[in-house]
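What follows is the residue order along each chain.
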Amino acid sequence: VAPSSAQSSTPAGAAKVPAPTQGDAAASEAVEVVDTFMLDLGKGQLERARQLMAPEAIVLADGRVLGNRDTYIDGAAKADVAALGSVQRELMRRDAHAGPNFSWVMSELRLRGPSAARGQGDVVVETMLLARRGNDWKIVHIQWSSRRAG
């Protein structure tokens, strides 16, 4: 199950692994924004997370539209924060690419909650699209999808 459910893909203390990137520094900057967003969300720092998103950002999870930035942060994000303390995240794969004005970061994660049988848990694929706004990257789209690991 993707974010906005009992098992979120955005746990606190997100694992750091080297990210294969294309676009060098720009792709690394985009990855840093994604990691910061995830950590802020995991710590319940919703206003900080909101500032990393463009106002028109759209958030999707498992075939559902969770809304734009403010709708998500003011609503479904609160359930994600509540679920974060009960899952551990292992970053299994990450790819990123950046051009001059747009970038994307794809992460594949294994989530393990306290009820996960022998550490199976869920696998979540997360894609974030970012747009350059002045000197900063802003998240303009988030897509989470999940399946049972195994």
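One can find the structure itself at the top, above this paragraph.
A. Expanded view of the overall build of the protein chain. A tally of helices and strands in the protein chain yields four helices and seven strands. From first element to last, N terminus to C terminus, the protein chain shows the α and β order β-α-α-β-β-α-α-β-β-β-β. Within the span of the protein chain, comprising 150 residues, buried residues form 46% of the whole. Surface exposure of the protein chain reaches about 7,100 Å², of which carbon and sulfur atoms provide 52%.

B. Layout of the packing of aromatic side chains. Following the criterion strictly, the structure yields one aromatic pair and no others. Judged by centre distance (6.0 Å) and plane angle (50°), the rings of Tyr 72 and Trp 144 are tilted. You can see Tyr 72 sitting in helix H3 (residues 69–74) and its partner Trp 144 sitting in strand S7 (residues 136–148), a full 72 residues away along the chain. Looking at Arg 132, its charged tip hangs above the ring of Trp 137, at a distance of 4.1 Å from the centre.

C. Structural context of the pairing of strand S6 (residues 122–133). With 10 bridges joining them, strand S5 (residues 102–112) and S6 adopt antiparallel strand pairing. Within S6, the residue paired with Ser 103 across the bridge is Leu 130. Summarising the sheet, S6 and S7 pair through 12 bridges and their orientation is antiparallel. Looking at the pairing, Leu 130 lines up with Ile 139 of S7. Connecting the antiparallel pair S6 and S7 is a turn made up of two residues, with Gly 134 showing a positive phi of about 70°.

D. Expanded view of the nonpolar core. One finds Phe 37, Met 53, Tyr 72, Met 128, Leu 130, Ile 139 and Ile 142 to be the most contacted residues of the largest nonpolar core, which totals 33 residues. Residue contributions to this core peak at nine residues, all from helix H1 (residues 25–42).

E. Broad picture of the pattern of salt bridges. Under the defined criterion, the tally for this structure stands at 11 salt bridges. Here Arg 132 makes a salt bridge to Glu 29, at a shortest N to O gap of 3.4 Å. With Arg 132 in strand S6 and Glu 29 in helix H1, this residue pair connects regions lying 103 residues apart in the sequence. Residue classification places Arg 132 among the partly exposed positions, given a relative accessible area of 23%.

F. Focus on the side chain of Glu 108. Position of Glu 108 among the secondary structure elements: in strand S5. Sequence-distant contacts of Glu 108, defined by excluding residues within four places in its chain, comprise Glu 90, Leu 91, Met 92, Arg 93, Val 123, Val 124, Val 125 and Arg 147.

G. Broad picture of unusual backbone geometry. The phi torsion at Asp 62 lies on the positive side, around 45°, for a residue other than glycine. As for its position among the elements, Asp 62 is in the loop between strand S2 (53–61) and strand S3 (64–68).

H. Fine view of the environment of Ile 142. Residue placement: Ile 142 occurs in strand S7. Judged by its relative accessible area of 0%, Ile 142 is buried. In the structure, Ile 142 is positioned 89 residues away from Met 53 in sequence and 9.7 Å away in space, judged by C-alpha atoms. Every residue in contact with Ile 142, bar those within four places of it in the chain, is listed here: Phe 37, Met 53, Ile 58, Val 59, Leu 60, Thr 127 and Met 128.

I. Layout of H1. Counted at 1.5 Å a residue, the expected span for H1 with its 18 residues is 26 Å, and the 26 Å between its end C-alpha atoms agrees. Restricting attention to buried positions, one finds in H1 the residues Ala 26, Ala 27, Ala 30, Val 31, Val 33, Val 34, Asp 35, Phe 37, Met 38, Asp 40, Leu 41 and Gly 42. Gly 44 lies just past H1 and shows a positive phi near 75°.

Definitions and cut-offs
Residues numbered from 1 in each chain as written. Predicted model: local features only at pLDDT ≥ 70, side-chain atom pairs only at ≥ 80, totals over all residues. Heavy atoms only, no water. Helix = DSSP H or I, 4+ residues; strand = E, 2+ residues; numbered from the N terminus. Buried < 20%, exposed > 50% of the residue type's maximum accessible area, 1.4 Å probe, protein only. Areas by Shrake-Rupley, 256 points an atom, 1.4 Å probe, with all protein chains shown as cover. Phe/Tyr/Trp six-rings, centres within 6.5 Å; stacked < 30°, edge-to-face > 60°. Lys NZ or Arg CZ within 6 Å of the ring centre and 35° of its normal. Pairing = 2+ DSSP bridges. Core = buried A, V, L, I, M, F, W, Y, C linked by side-chain atoms within 4.5 Å. Salt bridge = Lys/Arg side-chain N within 4 Å of Asp/Glu carboxyl O. Contact = heavy atoms within 4.5 Å. Expected span 1.5 Å × (residues − 1).

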